[in-house]
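Spelled out, the chains give:
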Amino acid sequence: MKSMNQIAQSHTFPPSHCAPVVSLSEQAAYDINDIFKSLKAIFPTFKLTFPDDESLRIGKKVWVKTLLEGKITTHEQIRIGMKRARASGDFMPSAGKFADWCRITASDMGLPSREDAFREAIGNLGVFITAKWSHPVVFETVKQSTCYALKNNTEKEARALFYRNYAIMVERVRRGEQLDVSIPKGITAEPTFRAASPEFEQTMLTNMKKMVGLV
């Protein structure tokens, strides 16, 4: 049986669709044939998605590429993906959907969901130091997000900031890393744009008209 890495290397995609392929470690060299065998047993619609050998061959290569680009590279991730596949119903998922299923969430590790953690954080902002937190990961996420930002931003902005930092903290838990390390500041949830000058807008409009032959 060919490993996912071998299958990925053996297939050439058109230049416009190419993306760097991440190398698999030995731990992550799981077999795409085994994945598809399990999916075929789970989903009655598998044969409708891949009705012949050619579609199956192409499908495997697309799935390999999608899983690698999505950083789905461990047996544990695939195990979680299969668990969610068995609970999902009768319809065969897309490669992207299955990659989403494979991502380890907070609840998979016994941590609060990001929404539960956010509600706990907002409820404890006034007693940040003395509050009894459900898990150190929630406390550290609030600390990294800062009480000031969570209090003074809009709910949408505060939620986006907390969700981002919580995801980073959950990943640290998964990797067994320290929690109390500063998180680099990310871009704002909604970027702001500076209005263009009327002269610039007119120049752009004229150039666009030239491109389509209106000038």
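Conventions and cut-offs
Residues numbered from 1 in each chain as written. Predicted model: local features only at pLDDT ≥ 70, side-chain atom pairs only at ≥ 80, totals over all residues. Heavy atoms only, no water. Helix = DSSP H or I, 4+ residues; strand = E, 2+ residues; numbered from the N terminus. Buried < 20%, exposed > 50% of the residue type's maximum accessible area, 1.4 Å probe, protein only. Contact = heavy atoms within 4.5 Å. Areas by Shrake-Rupley, 256 points an atom, 1.4 Å probe, with all protein chains shown as cover. Salt bridge = Lys/Arg side-chain N within 4 Å of Asp/Glu carboxyl O. Phe/Tyr/Trp six-rings, centres within 6.5 Å; stacked < 30°, edge-to-face > 60°. Axes fitted to C-alpha atoms, helices over the stretch in contact; angles between N-to-C directions. Parallel < 35°, antiparallel > 145°, perpendicular 65-115°, else oblique. Left-handed = near helix turned anticlockwise from the far one by under 90°. Nonpolar A, V, L, I, M, F, W, Y, C, P; charged D, E, K, R; others polar. pLDDT = per-residue confidence, 0-100.

Chemist: What am I meant to see in the overall build of the protein here?
Modeler: Within the protein one finds 11 helices and zero strands. Within the protein, the proportion of its 215 residues that are buried is 36%. Considering only intrachain contacts with a sequence separation of at least 6, the fraction spanning at least 24 residues in the protein is 65%. Accessible area for the protein stands at about 14,000 Å²; split by element, carbon and sulfur atoms hold 56% of it.

Chemist: Just to check I follow, could you spell out the pattern of salt bridges for this structure?
Modeler: Pairing between side chains of opposite charge can happen when their charged atoms approach one another. Using the criterion set out here, one finds eight salt bridges in the structure. Close ionic contact of Arg 84 with Asp 108 constitutes a salt bridge, the shortest N to O distance being 2.5 Å. Residue Arg 84 is found in helix α5 (residues 75–86), and its partner Asp 108 is found in the loop between α6 (95–102) and α7 (114–123); the two are separated by 24 residues along the sequence. Looking at Arg 84, the relative accessible area reads 23%, which means it is partly exposed. The partly exposed category is assigned to Asp 108, whose relative accessible area is 35%. Among the ionic pairs, Glu 115 bridges to Arg 159, the shortest N-O distance being 2.4 Å. Highlighted residues: Glu 115 in helix α7 and Arg 159 in helix α10 (residues 155–175), separated in sequence by 44 residues.

Chemist: In this structure, what is going on with the environment of Phe 91? I would like to understand it.
Modeler: Relative to the assigned elements, Phe 91 resides in the loop between α5 and α6. Residues Phe 91 and Phe 46 lie 45 residues apart in sequence; the distance between their C-alpha atoms is 7.9 Å. Apart from the residues lying within four places of it in its own chain, the contact partners of Phe 91 are Phe 43 and Thr 45.

Chemist: Is there a simple way to think about the packing of aromatic side chains in this case?
Modeler: In this description, an aromatic ring pair is defined by two values, namely the gap between the centres and the angle between the planes. Summed over all chains, the structure comprises 12 aromatic pairs. A ring pair is formed by Phe 36 and Trp 63, whose centres lie 5.3 Å apart and whose planes are at 80°; its orientation type is edge-to-face. Of this pair, Phe 36 sits in helix α2 (residues 32–42) while Trp 63 sits in helix α4 (residues 53–69), and the two are 27 residues apart along the sequence. In this structure an aromatic cluster arises from ring pairing among Phe 36, Phe 46, Phe 50, Trp 63, Phe 98 and Trp 101.

Chemist: Is there a simple way to think about the environment of Thr 105 in this case?
Modeler: With respect to the helices and strands, the residue Thr 105 is situated in the loop between α6 and α7. In this structure the C-alpha to C-alpha distance between Thr 105 and Ala 167, which are 62 residues apart in sequence, comes to 8.6 Å. Residue contacts for Thr 105: discarding those within four places in its chain leaves Arg 84 and Val 170.

Chemist: Teacher, can you tell me more about the packing of α2 against α5 here?
Modeler: Packed helices, taken two at a time, are described by their axes: the angle between them and the distance between them. In the contact formed by α2 and α5, the axes pass within 10 Å of each other and the chain directions differ by 15°. Classified by the angle between their axes, α2 and α5 sit roughly parallel to one another. With respect to the hand of their crossing, α2 and α5 are arranged in right-handed fashion. For the pair α2 and α5, the contacting residues are Ile 35, Ser 38, Leu 39 and Ile 42 in the first and Ile 78, Met 82, Ala 85 and Arg 86 in the second. Among the residues making up the contact of α2 with α5, the classes are represented as six nonpolar, one polar and one charged.

Chemist: What's the story with the confidence of the model for the protein in this structure? I'm lost.
Modeler: Atomic detail in the predicted coordinates should be set aside for any region of low pLDDT. Chain-level statistics for the protein give a pLDDT mean of 78 and a share of 72% at 70 or above. Across residues 1–29, confidence stays below pLDDT 50; counting only partners more than four residues off in sequence or on other chains, it has 44 contacts. Note that pLDDT drops below 50 for residues 187–193; the model gives that stretch two contacts with residues more than four away or on any other chain.

Chemist: What's the story with unusual backbone geometry in this structure? I'm lost.
Modeler: Negative phi is the rule for most residues except glycine; trans is the rule for most peptide bonds. Of note in this structure, Lys 71 is not a glycine but carries a positive phi near 60°. On the secondary structure map, Lys 71 appears in the loop between α4 and α5. A residue is classified by how much of its surface remains accessible, and Lys 71, at 59% relative accessible area, is exposed. Even without a glycine there, the phi angle at Thr 146 is positive, about 75°. Here Thr 146 is to be found in the loop between α8 (136–145) and α9 (147–152).

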